[in-house]
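Observations on the three-dimensional arrangement
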Amino acid sequence: MRVLVVEDERDLARALAEGIRRDGYAVDVAFTGGEALDKLSGAPYDIVCLDLNLPDIDGREVCRRIQADTLRVDDSDVPRVLMLTARDSLADRVAGLDDGADDYLVKPFDLAELLARLRALSRRRSNHTGALVEVGPLSLDPRRKEVVAAGEMIDLTAREFALLRYFMLHPGEVLAAERLLDHVWDENIDPFTNTVRVTISKLRKKLAEAGQPQMIETVVGSGYRLVA
Ligand code: CA
């Protein structure tokens, strides 16, 4: 899952990005509405944490443009929007939701609450309703960052965890390396490295060690698939 944090208070933006990243997401940051629109037109984000009060283009306007066709990078879904607002009036919250926001948080808020909202939005985005994601013998707990395969805990790095979560949210689908790069890594990755291949190979090794070999198939010329 890839998240864009749009927040003009730079210290807050960086703190949010760091916290969200630690929770296993790929995170990019935009400090203005214009920068947000640029990034949104360049990468397929899953969730946008959007501050309402921005110095240039208002958060509500950014939200409206996210819903419009013009910003769509490819045929992937419209990102979920979590509106961050200091405005506590009912009218503002209603207006934000009318503009297409999926949820909102009133500042100041706890990072723990933001992370809980993100988990809820991730589940909604992938039509998962329970807290656990389960595919075959694998069970993934996004809150505790744990993966269990047939009763055995698998120790994964943050990136391996994020990659496996993305696979588990799209079981049986062939996922191209570019798509994995777009949703599991942030913009700081060099797209010409073989990081996807290397991370998949490490993940496969750990799955095999836990008695689950061949769960991630290579589909020659197309990408990778988690056996459903
Ligand atoms: Ca602001």
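As a reminder, the structure under discussion sits directly above these lines.
This section reports on the structure supplied with the text. Since the model is a prediction, treat every value here as computed from it, not as a measurement.

Structural notes on the sheet that holds strand β9 (residues 152-154)
If you walk across this open sheet you meet the 4 strands as β6-β7-β8-β9, and the pairing is antiparallel. The sheet terminates laterally at β6 (133-135) and β9, the two strands that pair on one side only. For this sheet, the mean angle separating the axes of adjacent strands, direction not counted, is 25 degrees. Against the sheet, helix α6 (residues 158-169) makes contact with β6, β7 (138-141) and β8 (146-149), and its axis sits at roughly 115 degrees relative to β7, the strand it touches most.

Comments concerning the pairing of strand β4 (residues 80-85)
The element β4 is extensively covered by neighbouring structure, given that 5 of its 6 residues are classed as buried. Two strands pair when backbone bridges link them, and strand β3 (residues 47-51) and β4 are joined in this way by 5 bridges, in the parallel orientation. Its bridge partner lying in β4, Ile-47 is registered against Arg-80. As judged from the 4 bridges shared by β4 and strand β5 (residues 103-106), these two strands associate in the parallel manner. Paired with Leu-82 across the bridge in β5 is Asp-103.

Considerations on the packing of aromatic side chains
Under the defined criterion, the tally for this structure stands at 0 aromatic pairs. Stacked on the ring of Phe-31, the Lys or Arg Arg-10 has its end atom at 3.9 Å from the ring centre. The positively charged end of Arg-165 is found above the aromatic ring belonging to Tyr-25, 4.5 Å away from the centroid.

As for the coordination of the calcium ion
For the calcium ion, the protein coordination sphere consists of Asp-8 (OD), Asp-51 (OD) and Asn-53 (O), at 2.1 to 2.4 Å. Here the donor residues of the calcium ion share one chain and are spaced in sequence as D-x42-D-x1-N. A residue pair is termed long-range when its members are at least 10 positions apart, and Asp-8 in the loop between β1 (2-6) and α1 (10-22) and Asn-53 in the loop between β3 and α3 (59-67) qualify at 45 residues. What makes Asp-8 partly exposed here is its relative accessible area of 29%.

Regarding the pairing of strand β11 (residues 216-219)
The pairing of β11 with strand β12 (residues 223-226) spans 4 bridges and is classified as antiparallel. Along β12, the bridge assignment pairs Glu-217 with Arg-225. The turn joining β11 and β12, which pair antiparallel and follow one another in sequence, is formed by 3 residues; a positive phi near 80 degrees is taken by Gly-221.

Some thoughts on the sheet that holds β11
Within a beta sheet, neighbouring strands are joined by backbone hydrogen bonds and run either parallel or antiparallel to one another. Read across the open sheet, the 3 strands follow the order β10-β12-β11; overall the sheet is antiparallel. What marks the edges here is a single partner per strand, and that holds for β10 (174-175) and β11. Sheet strands touched by α6: β10, β11 and β12. Its angle to β12, the strand with the most contacts, is close to 70 degrees.

Observations concerning the packing of helix α2 (residues 33-40) against α3
Following both chains from N to C, one finds α2 and α3 inclined at 15 degrees, their axes separated by 10 Å at the closest point. Comparing the axis directions of α2 and α3 gives the class roughly parallel. By crossing handedness, the relation of α2 to α3 is classed as right-handed. Along the contact surface, α2 presents Gly-33, Ala-36, Leu-37 and Leu-40, while α3 presents Val-62, Arg-65 and Ile-66. Considering only residue class, the contact of α2 with α3 consists of 5 nonpolar, 1 polar and 1 charged.

A closer look at the pattern of salt bridges
Applying the stated rule across the entire model yields 23 salt bridges. In this structure, the salt-bridge partner of Lys-107 is Glu-7, at a minimum N-O distance of 2.9 Å. Of this pair, Lys-107 sits in the loop between β5 and α5 (111-125) while Glu-7 is found in the loop between β1 and α1, placing the two residues 100 residues apart along the sequence. In this structure, the salt-bridge partner of Asp-23 is Arg-119, at a minimum N-O distance of 3.1 Å. A residue pair is termed long-range when its members are at least 10 positions apart, and Asp-23 in the loop between α1 and β2 (26-30) and Arg-119 in helix α5 qualify at 96 residues. Accessibility classification places Asp-23 together with Arg-119 in one group, the buried group. A network of salt bridges, in which partner residues are shared, links Arg-60, Glu-61, Arg-64, Arg-65 and Asp-99.

Describing the environment of Val-196
Locating Val-196 in the fold gives a position in helix α8 (residues 195-209). For the pair Val-196 and Leu-180, spaced 16 residues apart in the sequence, the C-alpha separation amounts to 7.3 Å. Each residue touching Val-196, except ones within four places of it in the same chain, is listed here: Ala-177, Leu-180, Leu-181, Trp-185 and Tyr-224.

Basis of the calculations
- Residues numbered from 1 in each chain as written.
- Predicted model: local features only at pLDDT ≥ 70, side-chain atom pairs only at ≥ 80, totals over all residues.
- Heavy atoms only, no water.
- Pairing = 2+ DSSP bridges.
- Helix = DSSP H or I, 4+ residues; strand = E, 2+ residues; numbered from the N terminus.
- Axes fitted to C-alpha atoms, helices over the stretch in contact; angles between N-to-C directions.
- Contact = heavy atoms within 4.5 Å.
- Buried < 20%, exposed > 50% of the residue type's maximum accessible area, 1.4 Å probe, protein only.
- Phe/Tyr/Trp six-rings, centres within 6.5 Å; stacked < 30°, edge-to-face > 60°.
- Lys NZ or Arg CZ within 6 Å of the ring centre and 35° of its normal.
- Donors = N, O, S within 2.8 Å, 3.2 Å for Na, K, Ca; no water.
- Parallel < 35°, antiparallel > 145°, perpendicular 65-115°, else oblique.
- Left-handed = near helix turned anticlockwise from the far one by under 90°.
- Nonpolar A, V, L, I, M, F, W, Y, C, P; charged D, E, K, R; others polar.
- Salt bridge = Lys/Arg side-chain N within 4 Å of Asp/Glu carboxyl O.

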